[in-house]
Amino acid sequence: MMKTGKPLRLRRLSLTGDDRHLLIPLDHSVSDGPVAPPGQWEELLRALVAGGADGIIVHKGRARALGPELLKGCALIVHLSASTACSPDVDAKVLVGDAEEAVALGADAVSVHVNIGSDTEGRQLADLGAVARSCDTWGMPLIAMVYPRGPRIENPHDPALLAHIVNVAADLGADMVKTTVALPLDRMAEVVAHSPIPVLAAGGPPDGSDLIEYGTAVMAAGCRGLAVGRRIFSSPSPATLVSRLAAVVHGGDRGTDGMSMTSSTTDSPNTPNAPNTPNTHYSTIVAGVA
């Protein structure tokens, strides 16, 4: 049974079954502060699911508070790493959960954060390896969020460095790796070509430009998906933006109401709302990682 658990859960991380993924990290509430006021948290989740997110990423305490009906068509990924913006070393990540807890929560996958080039890189690598071993025991997919961050990193967008990083994730047992993008974006193809596991592009464009164009470029470079948090949950219309990104990831051109969408694909405040989706600015967070 353990041998079938991981493939079954991996399948649930892609709604269309095409092995492509649009994941929405919502773990920022530990690192930076609230993602949404308590009264709007459920509305945000409904908007993400309605838009077509393949999975959301939250910490274990938040996962316990999720109603089962909220995630009927969306995978649950429990994040096991933590640090806060108040720490003397914001690049130092520690484990705050394990695969066994995630199994008990009904998770479809877990994620672990590692900062290559940080002062605590060694401990973070050891944690990733230990979680990978536990994930194999429990049949739990592991997404490694591995970034070039710290005093030893000169260019976090260097394709050669990123090719090294994705192999670190693969060699230590991850099933997918989420990482920084190479610049220019077409050089992300070099990173993907050297990765033994699927690569997810983290966040949005570093210069804050059009998110849809960014997603289109990294998918064209061979990435297997996007993991976008802040640019989505701070959007005036998260469901609409998620729907447009889902079309980029999975193909097609659809709105949250199933209708064709041919208008501007930016996440501007003038983007029309999806049906029954609140037009709410969910966050004022300006620091941290998407």
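Up top you'll find the structure we're talking about.
The model shown is predicted, which means the values in this text are computed figures rather than measured ones.

Conventions used here
- Residue positions are given per chain, counting from 1 as you read along its sequence in written order.
- Thresholds applied to this predicted model are a pLDDT of at least 70 for local features of residues and 80 or more for the giving and counting of side-chain atom pairs; totals over whole chains, interfaces and linings are not thresholded and use all residues.
- As a rule here, side-chain values cover all heavy atoms of the structure and leave hydrogens and water aside.
- In this analysis, axes come from line fits to C-alpha atoms, helices being fitted only over the stretch in contact, and the angle between any two N-to-C directions falls in the range 0 to 180 degrees.
- Counting from the N terminus, the helices are DSSP H or I runs at least four residues long and the strands are E runs at least two residues long.
- Note on terminology: angles under 35 degrees are roughly parallel, angles over 145 are roughly antiparallel, angles of 65 to 115 are roughly perpendicular, and the others are oblique.
- Rotating anticlockwise by less than a right angle from the far helix to the near helix defines a left-handed crossing, while the corresponding clockwise rotation defines a right-handed one.
- The contact definition used throughout considers only heavy atoms, calling two residues in contact when any of these lie within 4.5 Å.
- Each residue is assigned to one of three groups, with Ala, Val, Leu, Ile, Met, Phe, Trp, Tyr, Cys and Pro labelled nonpolar, Asp, Glu, Lys and Arg labelled charged, and all others, Gly among them, labelled polar.
- Only Phe, Tyr and Trp rings are paired, with Trp represented by its six-membered ring, and only when their centres lie within 6.5 Å; those with planes under 30 degrees apart are stacked, over 60 edge-to-face, the remainder tilted.
- A ring has a charge above it when a Lys NZ or an Arg CZ is no more than 6 Å from the ring centre and no more than 35 degrees off the ring normal.
- One side-chain nitrogen of Lys or Arg within 4 Å of one carboxyl oxygen of Asp or Glu is enough to make a salt bridge.
- Definition of nonpolar core: a set of buried residues of the types Ala, Val, Leu, Ile, Met, Phe, Trp, Tyr and Cys, connected through side-chain atoms within 4.5 Å.
- To sort residues, take the accessible area from a 1.4 Å probe on protein chains only and compare it with the maximum for the residue type: under 20% means buried, over 50% means exposed, and anything in between is partly exposed.
- In the analysis that follows, any N or O atom pair within 3.5 Å is treated as a polar contact, provided that within protein one partner can donate a hydrogen and the other can accept it, and provided that, for residues neighboring in sequence, both atoms belong to side chains.
- In this description, strands pair whenever DSSP reports at least two bridges between them.

Chemist: Describe the packing of helix α9 (residues 211-220) against helix α11 (residues 238-250), listing the residues and the values that go with them.
Modeler: The N-to-C vectors of α9 and α11 enclose an angle of 20°; their axes lie 9 Å apart at closest approach. One finds that α9 runs roughly parallel with respect to α11. In terms of crossing hand, the pair formed by α9 and α11 is right-handed. Note on element contacts: α11 touches α9 through Leu 241, Arg 244, Leu 245, Val 248 and Val 249, opposite Leu 211, Ile 212, Gly 215, Thr 216 and Met 219. Partitioned by chemical class, the residues of the contact of α9 with α11 number seven nonpolar, two polar and one charged.

Chemist: Report on the packing of aromatic side chains, specifying residues and quantitative values.
Modeler: Applying the stated criterion to the full structure yields zero aromatic pairs. Over the ring of Trp 41 we find Arg 62, and its NZ or CZ is 4.6 Å from the ring centre. We note Arg 149 situated over the ring of Tyr 147; from NZ or CZ to the ring centre the distance is 4.1 Å.

Chemist: Describe in detail the pattern of salt bridges, supporting the description with residues and values.
Modeler: This structure, assessed with the given rule, holds eight salt bridges. The closest approach of N and O atoms between Glu 42 and Arg 46, which form a salt bridge, is 2.7 Å. Of the two residues, Glu 42 and Arg 46 both sit in helix α3 (residues 38-51), four residues apart, roughly one turn of that helix. For Arg 187, the salt bridge is made with Glu 190, and the minimal N-O distance between the two is 2.7 Å. Counted as one network, the salt bridges with shared partners bring together Lys 6, Asp 136 and Asp 175.

Chemist: Quick one: what's the story with the nonpolar core, residue by residue and with numbers?
Modeler: With 70 residues, the main nonpolar core has Ile 24, Leu 26, Leu 48, Ile 56 and Leu 142 as its most contacted residues. Residue contributions to this core peak at seven residues, all from helix α7 (residues 159-171). If we ignore the near neighbours within four places in the chain, the residues touching Ile 56 are Ile 24, Leu 26, Leu 45, Leu 48, Leu 66, Leu 71, Cys 74, Ala 75, Leu 76 and Ile 77. Ranked by size, the runner-up nonpolar core spans 13 residues in total, among them Ile 57, Ala 75, Met 176 and Leu 200.

Chemist: Can you lay out the side chain of Ser 195 for me, pointing to particular residues and giving the numbers?
Modeler: Looking at where Ser 195 falls in the secondary structure, it is placed in the loop between α8 (188-193) and β9 (199-202). The buried category is assigned to Ser 195, whose relative accessible area is 15%. There is a polar contact of 2.6 Å between the side chain of Ser 195 and the backbone oxygen of Ile 197. Those residues in contact with Ser 195 that lie beyond four places of it in its chain are Val 166 and Val 177.

Chemist: Quick rundown of the sheet that holds strand β1 (residues 21-25)? Include the residues and the values.
Modeler: Sheet architecture is closed into a barrel: eight strands sit in the order β1-β2-β3-β6-β7-β8-β9-β10, paired in parallel fashion. Put simply, the sheet's adjacent strands are angled 25° from each other on average, direction ignored. In this structure, strand β8 (residues 176-179) lies alongside β9, joined through three bridges in parallel fashion. Within the sheet, the bridge partner assigned to Thr 179 lies in β9 and is Ala 201. Lying on the sheet, helix α6 (residues 121-138) is in contact with β6 (109-116) and β7 (142-148); it crosses β6 at an angle near 160°. Along the sheet, α11 makes contact with β1 and β10 (225-227), crossing β1 at roughly 145°.

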